[in-house]
Amino acid sequence: MRTPPPSYSQLLQQIRHGEGPNRIKDLELSMAQRQVTVTYSDGRRVQVPVFSNDQVLLRTAQEARIPLSVRDDRQDEATASLVANGLLLLLLFGGLALLIRRSAQVANRAMGFGRSQARMVQPEAAVPVRFEDVAGINEAKEELQEVVTFLKEPERFTAVGAKIPKGVLLVGPPGTGKTLLAKAIAGEAGVPFFSMAASEFVELFVGVGASRVRDLFRRAKEKAPCIVFIDEIDAVGRQRGAGIGGGNDEREQTLNQLLTEMDGFAENSGVILLAATNRPDVLDAALMRPGRFDRRIHVDLPDRKGREAILAVHARSRPLDAAVSLGDWASRTPGFSGADLSNLLNEAAILTARRERATIDDQALTDALERITMGLSAAPLQDSAKKRLIAYHEIGHALLTTLLPAADRLDKVTLLPRAGGVGGFARTMPDEDVLDSGLISKAYLCARMVVAMGGRAAELVVFGPSEVTQGAQGDLELVSRIGREMVTRYGFSSLGPVALEADGAEVFLGRDWLRSEPHYSRETGNRIDAQVQQLARQALDQAVALLQPRRALMDELVTLLIETETIEGPAFSAIVERREAQELTAGAPAITA
Ligand code: ADP
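Residues numbered from 1 in each chain as written. Predicted model: local features only at pLDDT ≥ 70, side-chain atom pairs only at ≥ 80, totals over all residues. Heavy atoms only, no water.

> Please explain the overall build of the protein as it appears in this structure.
Regarding its fold elements, the protein presents 21 helices and 13 strands. The buried share of the protein, reckoned over its 593 residues, is 42%. A fraction of 74% describes how many contacts in the protein between residues 6 or more apart in sequence connect residues 24 or more apart. When the accessible surface of the protein is split by element, carbon and sulfur atoms take 53% of a total near 31600 Å². (Helix = DSSP H or I, 4+ residues; strand = E, 2+ residues; numbered from the N terminus. Buried < 20%, exposed > 50% of the residue type's maximum accessible area, 1.4 Å probe, protein only. Contact = heavy atoms within 4.5 Å. Areas by Shrake-Rupley, 256 points an atom, 1.4 Å probe, with all protein chains shown as cover.)

Shown next, in the form of structure tokens:
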């Protein structure tokens, strides 16, 4: 056990008369620390605080003849402070060096900001895409063929004084193959391909975009002839001066630089600028004038033949089952873009691999299509009241679309649920003519509204007004949207042939800031609402009127659907036709479109 150190007076006492274990052997005084280290005769050492310059202690020790040494700590102290100071200095210098390095890095980055990050693909071998890889958009391809000829044999054009467009604007929905076309031109002509998304020009700092544009064109001119492709040009090419607060300086400077560069390179210099957008309506007029993007090529969604050709292109690298007819699949995928079709085949290939089959068959394609359009499949529902209700709801849609001549064709109705809460669905196929022509008749829209109301109507007819469910929510939204478009845009209502709303206004948030009020009076607004309500009500009434007398047919179809989970369109129509023929002889109400 350690003995506690003696007090100051005890220490003096011990110095004078220390006996036994308390006899002191020697003392060591440390001036700087104002303490004395006492060593007893048995070897114990303790430290006792003393006064500075303690004369009493010195004298007592001298009288008692106890050796007392004085330790000079100042040396130690000096060394310690030297080390501490040195360390501090080192730290300071280290910090400073770090700071300088960091700021140099930032400066470096700032200097490099202006450099464009265009990805360049080197000539010939590196651009592997050819025109034969692009299918279904023949008009666009033919137009662009000329550009290839120019890049390959410019003399043919210059000899007769023809100027080749500097800029070609490809306009079309996403995934229709605009990038692919641009690459195909570079691939066919064997020239370098620079590509950049317009959004990559724009940075936080004003002026960076402009210097990137300069840099891109400088690099392109060095490599001429070449193709420069700017994707989503609308990101910088929007009308200047639009937007809250007069627009975005950085974007406008970038656009100005782009315009200047396009004017700056000489005719037939060999640099051809291709740009893609799906919003040509928002582009600045200055971009479109002759000498800039004076050629505008539409790349539309492919029609049935086009889809078949695109499927064929993508099927080249995949083993298809002999029974698969690409023509059928083209018919089953209206509204699909090239990218969607390529995705369909890819999904089917993934499913085939998962099932360890050697070739892609119809089943894999069917499952892939459903996965793309409806989402992942979930576990089938147990037999329950809920399943019956969903069955009636879906049969309501399916039956009406089969009964109404103006409505879409039924593709299939199924009770297999999908992830995301869809209990089942009745899928329809739009008419190819309607889709390709882009012309929609009033009868077609009315029929769509009736079909959409089919679910709610079936629930009403079978379960009564108090048992209807919110399952029709999506249908009601669709009906309201169609109704509103009919009234405010197509002039399909008693409000007369007036367009009360136009689309595309929202892109210029703020352009029409002061005019954001609707272009019609409050009274007209009320009438619009009333008309939409009336159209929706009519649709529901008509749906109920069609389903009510066919209760027995609905029961039969629901029983079949619960049994088999899925009924394909043709089988469904056959059942309906058979029953209708029987009823006709019994005098059921006639169908009105
Ligand atoms: P966009 O630039 O119009 O958005 P992309 O050119 O990037 O579309 O198309 C994406 C992918 O879709 C392409 O890489 C290609 O695989 C496929 N694709 C799109 N359109 C076609 C087409 N017309 N022919 C063949 N493949 C196409």
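> What should I look at first to understand a nonpolar patch on the surface in this one?
Nonpolar side chains collect at one region of the surface, where V83, L87 and L90 lie side by side and expose about 310 Å² of accessible area between them. Summarising the element assignment, L90 is placed in helix α3 (residues 74-113). (Patch = residues over 30% accessible without salt bridge, like charges linked within 9 Å, V, L, I, M, F, W, Y side chains within 5 Å. Salt bridge = Lys/Arg side-chain N within 4 Å of Asp/Glu carboxyl O.)

> How should I be thinking about the pattern of salt bridges in this particular structure?
Think of it this way: side chains of opposite charge can pair up when their charged atoms draw near. Throughout the structure, instances matching the rule amount to 21 salt bridges. Put simply, E308 and R304 hold a salt bridge, and the shortest N to O gap is 4.0 Å. Of this pair, E308 and R304 both sit in helix α11 (residues 304-315), separated by four residues, roughly a single helical turn. Residue E308 is classed as partly exposed on the basis of its relative accessible area of 32%. We classify R304 as partly exposed; its relative accessible area is 31%. Overlapping salt bridges bring together E143, E146 and R295 as one network.

> Would you mind going over the site of the ligand with me for this structure?
Around the ligand, the surrounding shell holds 16 residues, and the nearest of these are A135, G175, K178, T179 and H314. Interatomic distance of 2.9 Å between a side-chain N/O atom of K178 and an oxygen atom of the ligand. A total of 560 Å² of accessible area belongs to the ligand in isolation, and the protein chains cover 79% of it. Going through the elements one at a time, α6 (178-189), α11 and α13 (338-354) are the ones with two or more residues in the shell around the ligand. (Near = heavy atom within 4 Å. Polar contact = N/O pair within 3.5 Å; in protein donor to acceptor, adjacent residues only side chain to side chain.)

> Sorry if this is basic, but what is going on with the sheet that holds strand β13 (residues 566-568) here?
Strand pairs in the sheet, formed through backbone hydrogen bonds, run parallel or antiparallel to each other. Here we have three strands laid out as an open sheet, ordered β12-β11-β13, and antiparallel in their pairing. One side of each edge strand has no neighbouring strand; the edge strands of this open sheet are β12 (425-429) and β13. Here the average twist between neighbouring strands, direction ignored, is 20 degrees. In the sheet, strand β11 (residues 409-414) pairs with β13 via three bridges, with the strands oriented antiparallel. Bridge pairing in β13 links K412 to E568. Running over the sheet, helix α14 (residues 362-374) touches β11 and β12 and is turned about 100 degrees from β12. Contacting β11 and β13, helix α20 (residues 551-564) crosses the sheet at an angle of about 115 degrees to β13. (Pairing = 2+ DSSP bridges. Axes fitted to C-alpha atoms, helices over the stretch in contact; angles between N-to-C directions.)

> Help me understand the pairing of β11 in this model?
Consecutive side chains of a regular strand alternate in pointing toward one face of the sheet and then the other. Among the six residues that make up β11, five are buried, leaving the element largely enclosed by the rest of the structure. Pairing analysis gives five bridges linking β11 to β12, with the strands arranged antiparallel. Within β12, the position partnered with T414 by the bridge is F425.

> Looking at this model, I keep getting lost on the sheet that holds strand β2 (residues 35-40). Mind explaining?
Strand order in the open sheet formed by four strands is β3-β2-β1-β4, with mixed pairing between adjacent strands. Strands with a single pairing partner mark the edges of an open sheet, and in this sheet they are β3 (45-49) and β4 (68-71). Within this sheet the neighbouring strands show an average axis-to-axis angle of 25 degrees, counted without direction. Here β2 pairs with β3 via five bridges, running antiparallel. Of the residues in β3, the one forming a bridge with T37 is Q47. Contacts from helix α1 (residues 8-17) reach β1 (24-30), β2 and β3 within the one sheet, and its direction differs from that of β1 by about 135 degrees.

> Looking at this model, I keep getting lost on the nonpolar core. Mind explaining?
Side chains of a nonpolar character, in soluble globular proteins, are inclined to be buried together. One finds L399, L547, M554, L557 and F572 to be the most contacted residues of the largest nonpolar core, which totals 51 residues. Residue contributions to this core peak at 12 residues, all from helix α17 (residues 442-463). If you look at the next biggest cluster of nonpolar residues, it comprises 30 residues, including V129, L144, F150 and I185. (Core = buried A, V, L, I, M, F, W, Y, C linked by side-chain atoms within 4.5 Å.)

> I tried to follow the packing of aromatic side chains on my own but got confused; where do I start?
Aromatic rings considered in pairs are described by the distance between their centres and by the relative angle of their planes. Under the criterion given, the structure shown has five aromatic pairs. Summarising the aromatic geometry, the rings of Y8 and F51 are spaced 5.0 Å apart at their centres and angled 80 degrees between planes, so their arrangement reads as edge-to-face. With Y8 in helix α1 and F51 in the loop between β3 and α2 (55-64), this pair connects stretches of sequence that are 43 residues apart. Overall, the relative accessible area of 21% leaves Y8 in the partly exposed class. (Phe/Tyr/Trp six-rings, centres within 6.5 Å; stacked < 30°, edge-to-face > 60°.)

> Help me understand the environment of L301, please; the structure alone is not making it clear to me.
Within the fold, L301 resides in the loop between β10 (295-298) and α11. Separated by 126 residues in the primary sequence, L301 and G175 place their C-alpha atoms 8.6 Å from one another. With residues up to four places along the chain from it excluded, the contact list for L301 reads P173, T176, G335, F336 and S337.

> Please explain the packing of helix α15 (residues 385-403) against α17 as it appears in this structure.
In the contact formed by α15 and α17, the axes pass within 7 Å of each other and the chain directions differ by 135 degrees. Classified by the angle their axes make, α15 and α17 are oblique. Where α15 crosses over α17, the two elements pack in a sense that is right-handed. For the pair α15 and α17, contact is made by L389, Y392, H393, G396, H397, L400 and T401 and by V450, V451, A452, G454, G455, R456, A458, E459, V462 and F463, respectively. In terms of residue class, the contact of α15 with α17 is built from nine nonpolar, six polar and two charged. (Parallel < 35°, antiparallel > 145°, perpendicular 65-115°, else oblique. Left-handed = near helix turned anticlockwise from the far one by under 90°. Nonpolar A, V, L, I, M, F, W, Y, C, P; charged D, E, K, R; others polar.)

> Help me understand the side chain of D475 in this model?
Summarising the element assignment, D475 is placed in helix α18 (residues 473-488). R456 provides the closest opposite charge to the buried, unpaired D475, separated from it by 7.6 Å. (Lys, Arg positive; Asp, Glu negative; His and termini not counted.)

> Teacher, can you tell me more about the side chain of E261 here?
By the element assignment, E261 lies in helix α9 (residues 249-264). By relative accessible area, E261 is classed as buried at 12%. With sequence-adjacent residues up to four places away left out, E261 is seen in contact with V213, R214, F217 and K221.

> What should I look at first to understand the confidence of the model for the protein in this one?
Low pLDDT means the predicted atomic positions in that stretch should not be read closely. Averaged over every residue, the pLDDT of the protein is 82; the share at 70 or more is 86%. No element of the protein has a lower mean pLDDT than strand β5 (residues 119-121), which averages 56, and none a higher one than α17, which averages 94. In the predicted structure, residues 505-515 sits below a pLDDT of 50 and forms 15 contacts with residues beyond four places in sequence or in another chain. (pLDDT = per-residue confidence, 0-100.)

> How should a negative patch on the surface be read in this particular structure?
Taken together, the side chains of E139, E142, D300 and D303 present a region of like negative charge at the surface. For D303, the location among the structural elements is in the loop between β10 and α11. (Charge placed at Lys NZ, Arg CZ, Asp CG, Glu CD.)

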